[in-house]
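Residue-level structure breakdown
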Amino acid sequence: MKKLLYLPAVIAGLWLSSCSDDIGNYDYKDINEVSVDPNAPGSVEEGKTYELFAYLDHFNFDPQLNSTFGKTDENAYEYEWKVIPVGAIWESVDESKIVIATTRKLTDVVSLSPGTYSAFFNVKDKETGITWTTQFRLQIKSMTEEGWLVLCDNEGKTRLDLICNRNEEEEFASHDILNTYDNDAITDIGDIGRPVKLLFDRYQQSYSRAMLVTDKDTYCFDGDVFKVGEQNSLRWHFGDSNHPVRIKASMNSANAGSNNNLWVIIDDNDEIYTLNNTTQGSMFEFPITKLQGTEPFTPAPFIAANINQQAFSPGKEGQGSNPSVMYDATNRQFVEIKHGSYYPSVMDFSGDKQLFQNPTGRDMVFMAPSRHGPIYAVLRDPSTKETYFYGFMMHGNGKSNADSEGWNVQVCHGKINGPGVEDATLFAFHPLHNYIFYAVGGSIYRFNWLMPDTPATEVINLSGEEISVLKFNSFRGPFPEYSNASYWQYSRNYRLVVGSNATALPQEKCGNVRFYNVPDLMQPLSLHKEHNEFGKIIDIVYKERLKK
């Protein structure tokens, strides 16, 4: 504990000058020195950072004092707990909120806003007037700034639940957070409509966004809290629009060093719109659902692009183009918005490895990017119901701006062979292993596309449950806050996420969320963690940290 003496510098200088002439003329007395016992339970430790969740955790500080004079009477001292936001401009600090307590023990609920604080525990010896201080840091987190969002249907109304990681071992779930937290944007949660889906678009941190889609509108959440209402309706991105916008798909595609950083959406009228993220005040304007601007088509409800923002450029300098990929359901073909293009065009594939034709002649069932590059799709033959997988990589030529021209390389293609696959709608491709998972009823099957003649086998059976979500969540990170991320944080990319609903339970508590470890060499899956008593699960998305 450090001693604080509030003595002006000028007076101190004069005092020291006078003392230099009178050395040996004074008797010096020891003073009572006060410190905090760092080994006592509940102690506060000098220089340590304490991580706490706002409005969920309580402070648990019970510092025990050491005194060189043995003054143990608590009333012999005055106490003060102070907090100051790190990096804050003093004029912007509310001085009335700096002191949060004047007791030795601090056990109040954490009501500070999320952020990093310099904190001080001050002890003033009433007899000497000397103040001793212990300095530490507080990292206050919001349980709504990051975590697994679980979208539920509560008798036709939207309910949003949350799973949050405190650390590797400890997770907690919070239910119905749209009603639990002070949400002044709405008066009746029923007004926002029936839940449809969740979306999290990954791009540079300033442009990433989490969105809730209902049958009435689409809402963009801010970085810390979940406010839902007219003020954060997606329609404001269309300018002065009086009509709600319900979207089927959304994706950001970015090209480093170019002006082609697009936010692309497909609305419920099957129209494609784009917005330039890098142009301040940019709006969605006119639909571009025409091949080369001339031939109208209907897009399948999927958009894909490279998760890591930049197209791969092996052995070349620069980044290259990163187009948005869609599927033309009218002509049954992959299409893309190329770098520098305004309208979609039919995709071309380069190289000697031509595994499939485009147009494909098949209907799209699934498409999504993966963490390490390939874009995967599942297509189904409209007459035979045979189901096929497709994989391709988006590459750049190492140049940027007007000289950038990408090439697309086919990675894999084949027929998925397994029980019930002709009716499956839920698919998930492992980011590293050659595994395709699909769900039928309460069963999950695994197919190894490097062993196409071996049928898929059941790896999970959830008897009495209907699976509604099956995915590998591709985390965009690392954000600056993730620069020192631990292995357990990155490993979440490789766990299979399963959302299911127990058919025998009431809707308000029938939902289950499970995370499975997926080993290599076709070994059995193992349950990592499980959470229960959610509402009827519609969708699950991890909302990454959005704050700048």
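This next bit is on the overall build of the protein. For the protein, the count of helices and strands is three helices and 35 strands. Counting only residues that meet the buried cut, the protein has 51% of its 548 residues in that class. Long-range pairs, those at least 24 residues apart, make up 60% of the contacts in the protein with a sequence separation of at least 6. Summing over all exposed atoms, the protein offers an accessible surface of approximately 25900 Å²; the carbon and sulfur share of this is 48%.

So, on to the sheet that holds strand β16 (residues 262-267). An order of β15-β16-β17 is seen for the three strands of this open sheet, with the pairing classed as antiparallel. Strand pairing shows two members of the sheet lacking a second neighbour, β15 (247-253) and β17 (272-276), which therefore form its edges. On average, each strand axis in the sheet is inclined to that of its neighbour by 15°, with strand direction left out of account. Across five bridges, the pairing between β16 and β17 is antiparallel. Counterpart to Trp-263 in the pairing with β17 is Leu-275.

Counting 26 residues, the largest nonpolar core has Phe-61, Phe-136 and Leu-138 as its most contacted members. Residues in contact with Leu-138, not counting those within four places in the same chain, are Tyr-50, Leu-52, Phe-59, Phe-61, Val-83, Leu-112, Gly-115, Thr-116, Tyr-117 and Ala-119.

Moving on to the sheet that holds strand β13 (residues 209-214). What holds strands together in a sheet is hydrogen bonding between their backbones, with the strands either parallel or antiparallel. Strand order in the open sheet formed by three strands is β12-β13-β14, and the pairing between neighbours is antiparallel. With one partner strand each, in any of the chains shown, β12 (195-201) and β14 (218-221) form the two edges of the open sheet. Averaged over all neighbouring strand pairs, the angle between strand axes comes to 20°, with direction disregarded. Looking at chain direction, β12 and β13 are connected through six bridges and run antiparallel. The residue of β13 that forms the bridge with Asp-201 is Arg-209.

The tally for this structure, following the rule as stated, stands at 16 salt bridges. The partner of Glu-465 in a salt bridge is Arg-514, and the shortest N-O contact between them spans 3.0 Å. Residue Glu-465 is found in strand β31 (residues 465-471), and its partner Arg-514 is found in strand β33 (residues 511-517); the two are separated by 49 residues along the sequence. Accessibility classification places Glu-465 together with Arg-514 in one group, the buried group. Salt bridges here are not isolated pairs; linked through shared partners, they connect Asp-62, Glu-74 and Arg-104.

On to the environment of Asn-167. For Asn-167, the location among the structural elements is in the loop between β10 (157-165) and β11 (171-174). Put simply, Asn-167 and Trp-488 are 321 residues apart on the chain and 9.0 Å apart in space, counted from C-alpha to C-alpha.

This part is about the packing of aromatic side chains. Considering all chains together, one arrives at 32 aromatic pairs under this definition. When the ring of Phe-334 is compared with that of Phe-356, the centres are 6.2 Å apart and the planes differ by 50°; the resulting orientation is tilted. Of this pair, Phe-334 sits in strand β21 (residues 333-337) while Phe-356 sits in the loop between β22 (345-346) and β23 (363-369), and the two are 22 residues apart along the sequence. Here the two residues Phe-334 and Phe-356 agree in accessibility, since each one is buried. With centroids separated by 5.9 Å and ring planes inclined at 10°, the aromatic side chains of Phe-366 and Phe-429 adopt a geometry described as stacked. Separated by 63 residues along the polypeptide, Phe-366 in strand β23 and Phe-429 in strand β27 (residues 426-429) bring together distant segments of the chain. With respect to burial, Phe-366 and Phe-429 carry one shared label: buried. Ring pairs connect the aromatic residues Tyr-50, Phe-59, Phe-61, Tyr-77, Tyr-79, Trp-81, Phe-121 and Phe-136, which therefore count as one cluster. One residue, Arg-209, lies across the ring of Trp-263, its end atom 3.5 Å from the ring centre. Stacked on the ring of Trp-236, the Lys or Arg Arg-235 has its end atom at 4.4 Å from the ring centre.

This paragraph deals with the confidence of the model for the protein. With 82% of its residues at a pLDDT of at least 70, the protein reaches an overall mean of 84. Residue range residues 5-20 is modelled with pLDDT below 50. Its contacts to residues more than four positions away, or to other chains, number three contacts. Long-range and interchain partners of residues 398-404, a stretch whose pLDDT sits below 50, account for 24 contacts in this model, where long-range means more than four residues apart.

Our next topic: the environment of Asn-331. Mapped onto the elements, Asn-331 comes out in the loop between β20 (324-328) and β21. Residue Asn-331 is classed as partly exposed on the basis of its relative accessible area, which comes to 28%. Dropping the residues within four chain positions of it, Asn-331 is found in contact with Leu-291, Glu-295, Phe-297 and Pro-359. Within polar-contact distance, the side chain of Asn-331 engages the side chain of Asp-328 at 2.6 Å.

Moving on, we come to the side chain of Arg-104. For Arg-104, the location among the structural elements is in the loop between β6 (99-101) and β7 (115-125). A polar contact is formed between the side chain of Arg-104 and the backbone oxygen of Pro-63, at a distance of 2.7 Å. Here Glu-74 takes part through its side chain, which lies 3.2 Å from a polar atom of the side chain of Arg-104. Among all residues touching Arg-104, those that are not within four sequence positions of it are Phe-61, Asp-62, Pro-63, Gln-64, Glu-74, Tyr-79, Trp-81 and Phe-121.

Conventions used here
- Residues numbered from 1 in each chain as written.
- Predicted model: local features only at pLDDT ≥ 70, side-chain atom pairs only at ≥ 80, totals over all residues.
- Heavy atoms only, no water.
- Helix = DSSP H or I, 4+ residues; strand = E, 2+ residues; numbered from the N terminus.
- Buried < 20%, exposed > 50% of the residue type's maximum accessible area, 1.4 Å probe, protein only.
- Contact = heavy atoms within 4.5 Å.
- Areas by Shrake-Rupley, 256 points an atom, 1.4 Å probe, with all protein chains shown as cover.
- Pairing = 2+ DSSP bridges.
- Axes fitted to C-alpha atoms, helices over the stretch in contact; angles between N-to-C directions.
- Core = buried A, V, L, I, M, F, W, Y, C linked by side-chain atoms within 4.5 Å.
- Salt bridge = Lys/Arg side-chain N within 4 Å of Asp/Glu carboxyl O.
- Phe/Tyr/Trp six-rings, centres within 6.5 Å; stacked < 30°, edge-to-face > 60°.
- Lys NZ or Arg CZ within 6 Å of the ring centre and 35° of its normal.
- pLDDT = per-residue confidence, 0-100.
- Polar contact = N/O pair within 3.5 Å; in protein donor to acceptor, adjacent residues only side chain to side chain.

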